[in-house]
Amino acid sequence: MRPDRIGGDSWWRQAVVYQVYPRSFADANGDGIGDLAGITSRTPYLASLGVDAVWLSPFYPSQLADGGYDVDDHRDVDPLLGSLDDFDELVTALHREDIKLFVDIVPNHSSTRSAWFREAMEAEPGSPARDRFIFRDGRGQSGALPPSDWPSHFGPSAWTRTRNADGTPGQWYLHLFAPEQPDYNWDNEDVREYFRGTLRFWADRGVDGFRIDVAHALVKDLSEPLRSKPVFVDFDNPPTGDDVLFDRNEVHDVYRDWRRIFDEYDPPRVAVAEAVVSAPRRVLYTRSDELHQAFNFDLLNSYWSRDEYHAAIESSLTHAREAGTSSTWVLSNHDNVRHATRYGLAEGVEPTTWLARGADPTLLDPDLGSRRARAATLLMLALPGSAYLYQGEELGLPEVADIPIDRLQDPIWVRSSGELKGRDGCRVPLPWTADGAAFGFGPGASHLPQPRWFADYAVDVEDDDPHSTLSMYRAAISLRGRLAVNEDLTFLPSEHGVLHFARTASWESVTNFNLTAVTLPPGTVMLSSEPLNGDLLPAGATAWIAPDESPAPI
Ligand code: BGC
């Protein structure tokens with residue numbers, strides 16, 4: 001058993017949570033797609049990392065129009081990924097290792113293949129079956145124009161027109177994401193009851209927590225005439241809770257309702273919101289009678305800059321403290337270019353634009369990226385709050401930037417008419433072994449092609465190397481488990497371009513954002529992201545230090 005950090009029902013406050021993207025983690029049956037049995041078989045690996053919890057991205061039946069975030073049935077397992085029995089085995093295997101499990105709940109939208117949407121399509125306009133979604137007549141002559149100017153996140157319009165049974169054009173339905181993902185109508189009581197039942201379904205199966213997808217979007221202003229919404233998230237305008245589509249004040253009623261369900265369980269279930277809103281609005285989702293945490297993408301959105309990191313950390317900690325929660329930290333996930341690549345790009349190069357324009361190798365310094373990514377991770381793991389890791393980052397995996405166009409799966413590629421590459425490059429199946437079929441991912445080929453250089457990052461290569469990124473993650477997570485005895489952080493005076501803070505009397509973290517080495521603060525180095533030479537901290541490196549005369553780590 002690992003020692004309880006800030007224990008008991010507050011385990012989530014400083015947890016290390018490892019995100020598994022199930023289709024790309026491990027393939028037990030050899031069909032090229034990762035599955036639940038594959039994850040179960042890798043439980044010893046997860047235990048060896050020392051993570052407190054695993055978050056599973058969707059594994060539900062899906063037509064894969066959006067990587068599984070188009071859910072046909074929230075209470076089942078996609079047959080390609082296994083069965084409910086496999087799920088139960090996974091829960092048992094993780095719990096045996098004292099690893100908790102989060103599942104992804106996708107409450108904003110459904111799938112065009114779901115039983116309810118099919119029923120709605122058969123039903124008349126204005127019927128109860130249609131009211132579970134957002135159907136409207138079109139504007140203009142014979143309703144040929146979409147009901148409003150609302151954009152889809154994947155572009156272009158958020159409305160798709162239906163066809164009536166006789167083949168004539170019918171009503172339109174709303175989908176903030178792909179057309180295969182019709183939005184639910186959260187003013188409808190059937191929808192609310194369905195999600196209450198879904199949360200109980202998984203909590204009853206032993207799930208410890210939930211990640212709430214697009215938590216800020218559920219409730220919309222659907223009053224007629226529909227208001228205009230030209231931009232997606234407008235961070236420049238002070239939020240009021242009265243936007244048409246996002247972060248409306250009424251959405252919090254949903255989470256108050258859910259919190260009562262979480263608290264029915266012993267231990268209480270917990271939840272983290274993916275709410276893409278400004279920091280002061282974010283913590284509203286974490287009030288004591290709502291969800292527990294909200295994702296904070298401030299580090300993920302920060303460039304390699306001491307001042308950006310400092311500002312992000314200071315503001316996140318202040319807001320979280322005021323709301324009585326702890327902050328979350330994220331450097332990579334399934335929606336973003338991996339941080340080992342982001343931090344290797346020349347200054348000013350925006351990662352998705354770089355990908356879209358053919359991933360010019362002259363704009364990328366892979367060694368620099370990998371060095372800075374390790375330093376960023378070590379810094380992140382020293383922060384109070386929960387760190388969310390994304391599968392493969394512990395291997396230092398870079399983005400796969402050259403997936404052939406005919407193998408791309410992300411709807412962003414098609415919906416942007418090829419202007420954006422999409423997110424497949426961070427979803428390529430993991431390399432477990434340097435040799436063998438699909439680098440040990442499974443006995444068959446993998447559903448997204450793996451580049452040859454994946455061999456260098458294979459788990460079995462890094463396992464044996466004390467200086468590998470994998471070894472650094474293991475050491476850092478283990479040390480953090482012993483050192484993170486409170487949630488304090490004090491910034492310490494430092495040289496230009498250096499971020500130095502103390503967590504406790506025996507734990508400091510120092511990061512050098514400069515292009516040249518700096519002198520290390522006094523103390524004993526417990527761990528560093530780069531080999532050290534004397535009392536110098538190299539450019540792009542982090543060290544954890546036990547200050548002189550501090551109590552020795554237990
Ligand atoms: C998920 C994405 C997904 C979108 C729609 C997000 O925030 O992380 O992967 O495409 O929600 O469900």
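Predicted model, so just to flag it, every value in this text is computed and none were measured.

The rules we used
Residues numbered from 1 in each chain as written. Predicted model: local features only at pLDDT ≥ 70, side-chain atom pairs only at ≥ 80, totals over all residues. Heavy atoms only, no water. Helix = DSSP H or I, 4+ residues; strand = E, 2+ residues; numbered from the N terminus. Rg over C-alpha atoms; globule rule 2.2 N^0.38 Å. Buried < 20%, exposed > 50% of the residue type's maximum accessible area, 1.4 Å probe, protein only. Domains from an automatic or database assignment. Contact = heavy atoms within 4.5 Å. Salt bridge = Lys/Arg side-chain N within 4 Å of Asp/Glu carboxyl O. Nonpolar A, V, L, I, M, F, W, Y, C, P; charged D, E, K, R; others polar. Pairing = 2+ DSSP bridges. Right-handed = clockwise from strand over helix to strand, strands pointing away. Expected span 1.5 Å × (residues − 1). Axes fitted to C-alpha atoms, helices over the stretch in contact; angles between N-to-C directions. Parallel < 35°, antiparallel > 145°, perpendicular 65-115°, else oblique. Left-handed = near helix turned anticlockwise from the far one by under 90°. 1 Å grid on protein atoms, 1.4 Å probe; cavity = no way out; pocket = protein on both sides within 12 Å on 5 of 7 lines; lining within 4 Å. Points joined across faces, edges and corners; volume = space filled by probe spheres on them.

Brief notes about the overall build of the chain
When helices and strands are tallied, the chain shows 15 helices and 18 strands. The C-alpha atoms of the chain give 24 Å as radius of gyration, which agrees with the globular expectation for 554 residues (24 Å, within 12%). Its C-alpha atoms give the chain principal-axis dimensions of roughly 80 × 50 × 45 Å. Within the span of the chain, comprising 554 residues, buried residues form 60% of the whole.

A short note on the domain arrangement of the chain
You can read the domains of the chain as domain 1 (8-109 + 189-342 + 373-469), domain 2 (115-174) and domain 3 (488-547). Placing a centre on the C-alpha atoms of domain 1 and another on those of domain 2 gives a separation of 30 Å. If you look at the interface, domain 1 gives 21 residues, while domain 2 gives 17 residues. The tally of links from domain 1 across to domain 2 stands at 2 salt bridges. Across the salt bridge formed by Arg132 and Asp190, the nearest N and O atoms sit 2.9 Å from each other. Elements represented by at least two residues in the side of domain 1 that touches domain 2 include exactly α6 (189-204) and α13 (411-415). Partitioned by chemical class, the residues of the side of domain 1 that touches domain 2 number 10 nonpolar, 2 polar and 9 charged.

Here's the deal with the pairing of strand β2 (residues 53-56)
Of the two faces of β2, the one holding Ala53 and Trp55 and the one holding Val54 and Leu56 are both buried throughout. Both β2 and strand β3 (residues 100-105) contribute to a ladder of 4 bridges, which runs parallel. Counted as the bridge partner of Leu56 is Val103 from β3. Handedness of the β2-helix α3 (residues 84-96)-β3 crossover: right-handed.

Remarks on unusual backbone geometry
A cis amide bond links Gly155 to the next residue, Pro156, at an omega of -20°. Along the chain, the position of Pro156 falls in the loop between β4 (135-136) and β5 (159-163). The omega torsion of the bond from Glu224 to Pro225 falls at -10°, within 30 degrees of zero and hence cis. Looking at the element boundaries, Pro225 is found in the loop between β7 (209-212) and α7 (251-262). Notably, Asp247 is not glycine yet its phi reads approximately 60°, a positive angle. Here Asp247 lies in the loop between β7 and α7. You can call Asp247 buried: its relative accessible area is 7%. Notably, Ala438 is not glycine yet its phi reads approximately 45°, a positive angle. Among the secondary structure elements, Ala438 is positioned in the loop between α13 and α14 (459-463).

Quick look at helix α15 (residues 469-483)
Between its first and last C-alpha atoms α15 spans 21 Å; for 15 residues at 1.5 Å apiece the expected length is 21 Å, and the two agree. Taken residue by residue, α15 has Thr469, Leu470, Ser471, Met472, Tyr473, Arg474, Ala476, Ile477, Leu479, Arg480, Gly481 and Leu483 as its buried positions.

Details of the pattern of salt bridges
This structure, assessed with the given rule, holds 35 salt bridges. Close ionic contact of Arg200 with Glu264 constitutes a salt bridge, the shortest N to O distance being 2.9 Å. Remark: Glu264 occurs in the loop between α7 and β8 (270-273) and Arg200 occurs in helix α6; sequence separation between them is 64 residues. Among the residues examined, Arg200 registers a relative accessible area of 28% and is labelled partly exposed. Ionic pairing is found between Asp253 and Arg256, a salt bridge with its closest N-O pair at 3.0 Å. Note that Asp253 and Arg256 are positioned in helix α7 at a spacing of 3 residues, about one turn of the helix. Asp253 gets classed as partly exposed once you look at its relative accessible area, which sits at 41%. Using a relative accessible area of 26% as the deciding quantity, one classes Arg256 as partly exposed. It is possible to trace a salt-bridge network through shared partners that takes in Asp66, Asp335, Asp410, Arg423 and Arg427.

So, the packing of α6 against α7
For any two helices packed against each other, one specifies the crossing angle of their axes together with the interaxial distance. It is at 10 Å that the axes of α6 and α7 come closest, and there the two elements cross at 30°. By the angle between their directions, the pair α6 and α7 is classed as roughly parallel. For the crossing formed where α6 meets α7, the hand is right-handed. Seen from α6, the contacting residues are Arg192, Phe195, Arg196, Leu199 and Arg200; seen from α7, they are Val254, Asp257, Trp258, Ile261 and Phe262. Grouping the constituent residues of the contact of α6 with α7 by class yields 6 nonpolar, no polar and 4 charged.

As for the sheet that holds β4
Across the sheet, 3 strands lie side by side as β4-β6-β5; this open sheet has antiparallel pairing. Bordering the open sheet on either side are β4 and β5, each of which pairs with just one other strand. Pairing between β4 and strand β6 (residues 169-174): 2 bridges, direction antiparallel. Looking at the pairing, Arg136 lines up with Trp172 of β6.

Quick notes on empty space enclosed by the protein
Evaluation of the coordinates by the stated rule reveals 3 cavities of 30 Å³ or more. What the largest cavity holds in volume is close to 90 Å³. Around the largest cavity, the lining is made up of 14 residues, and of these Arg282, Val283, Ala294, Ala320 and Ser327 lie nearest the centre. Looking at the lining of the largest cavity, the elements that each hand over two or more residues are α8 (279-282), β9 (293-294) and α9 (306-323). In terms of residues, the lining of the largest cavity owes the most to one element, α9, which gives 3 residues.

So, the sheet that holds β9
Judged by pairing direction, the sheet is parallel, and its 8 strands sit side by side in the order β9-β8-β7-β3-β2-β1-β11-β10 without closing on themselves. Since the sheet does not close on itself, it has two edges, and those belong to β9 and β10 (328-330), each with one partner. α3 rests against β2 and β3 of the sheet, and its axis sits at about 140° to β3.

Here's the deal with the pairing of β3
Among the 6 residues in β3, 5 count as buried, and that is most of the element. Where β3 lies against β7, 4 bridges are found, and the strand directions are parallel. Bridge pairing links Phe102 to Gly209 in β7.

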